[in-house]
Every structure is written in C-alpha cells, then in structure tokens.
Amino acid sequence: MALLNHLKKYRSELGVNQTELGKLTGVSRQTISLIERGDYSPSVTLALKIAKICKVKVEDIFVYVEDNENDKGQES
C-alpha cells in the first residue's frame, strides 16, 4: 500500500516553497520534503491543513493505492 501525492504540484501552484508551506502548516521544511518524496505519510490533521491551505480536497493531493502486486503469486 502506498500514499501517493501531488503536493509539489499544488505547492507550486500556490507559489510557496517548502519552507513557507512548512511554516503555514506548523511543520519543518524537511517534513514537507519527505511528504513530497513519498517517504512520509502525514497525519490526518496535517493532510487536512495542507489541503485547506491549497484550497482543494484532501483527495486531490493525497491518493491511497493498494499494492496488489504483493498478493499475486501468493494465491493457492
């Protein structure tokens, strides 16, 4: 399972850098960077804050994808 995101796109459209978005959301620039790279899944609260700042729905930024590849080959 993976949480994909389009945060960099929406942050760019908003016209802010990672540091500025971090300040707006109350997290560090490093946290924003980790989220954008897919190395960190934000809490529900942080995801909601980000979406509100970007003026979009959470689902526009974050997409949950189940990894069915792991299930293949394990069926009996």
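Scroll up to find the structure this text is about.
Residues numbered from 1 in each chain as written. Predicted model: local features only at pLDDT ≥ 70, side-chain atom pairs only at ≥ 80, totals over all residues. Heavy atoms only, no water.

## Regarding unusual backbone geometry
Note on backbone geometry: most residues besides glycine have negative phi, and most peptide bonds are trans. The backbone of Lys 55 shows a phi angle near 60 degrees, a positive value even though the residue is not glycine. Its location among the elements puts Lys 55 in the loop between helix H4 (44–54) and helix H5 (58–61). Accessibility expressed as a relative area gives 74% for Lys 55, which makes it exposed. (Helix = DSSP H or I, 4+ residues; strand = E, 2+ residues; numbered from the N terminus. Buried < 20%, exposed > 50% of the residue type's maximum accessible area, 1.4 Å probe, protein only.)

## A closer look at the packing of helix H2 (residues 18–25) against helix H3 (residues 29–37)
Relative orientation of the contacting elements H2 and H3 amounts to 105 degrees, with a least axis distance of 7 Å. Considering their axes alone, H2 and H3 lie roughly perpendicular with respect to each other. In this structure, H2 contributes Gln 18, Thr 19, Leu 21, Gly 22 and Thr 25 to the contact, and H3 contributes Arg 29, Ile 32, Ser 33 and Glu 36. (Axes fitted to C-alpha atoms, helices over the stretch in contact; angles between N-to-C directions. Parallel < 35°, antiparallel > 145°, perpendicular 65-115°, else oblique. Contact = heavy atoms within 4.5 Å.)

## Section: H2
The set of residues buried in H2 consists of Gln 18, Leu 21, Gly 22 and Thr 25. Projected down its long axis, H2 shows its buried positions confined to an angular sector of 105 degrees, all on one face. What points out from H2, more than 90 degrees from its buried face, is the exposed set Lys 23 and Leu 24. Contacts made by the buried residues of H2 are with helix H1 (7–14), H3 and H4. Where H2 begins, one side-chain oxygen reaches toward the backbone nitrogen of Thr 19, 3.0 Å away; that side chain belongs to Asn 17. Just past H2, the residue Gly 26 takes up positive phi, approximately 85 degrees. (Arc of directions from axis to C-beta. Polar contact = N/O pair within 3.5 Å; in protein donor to acceptor, adjacent residues only side chain to side chain.)

These figures capture arrangement, not role.
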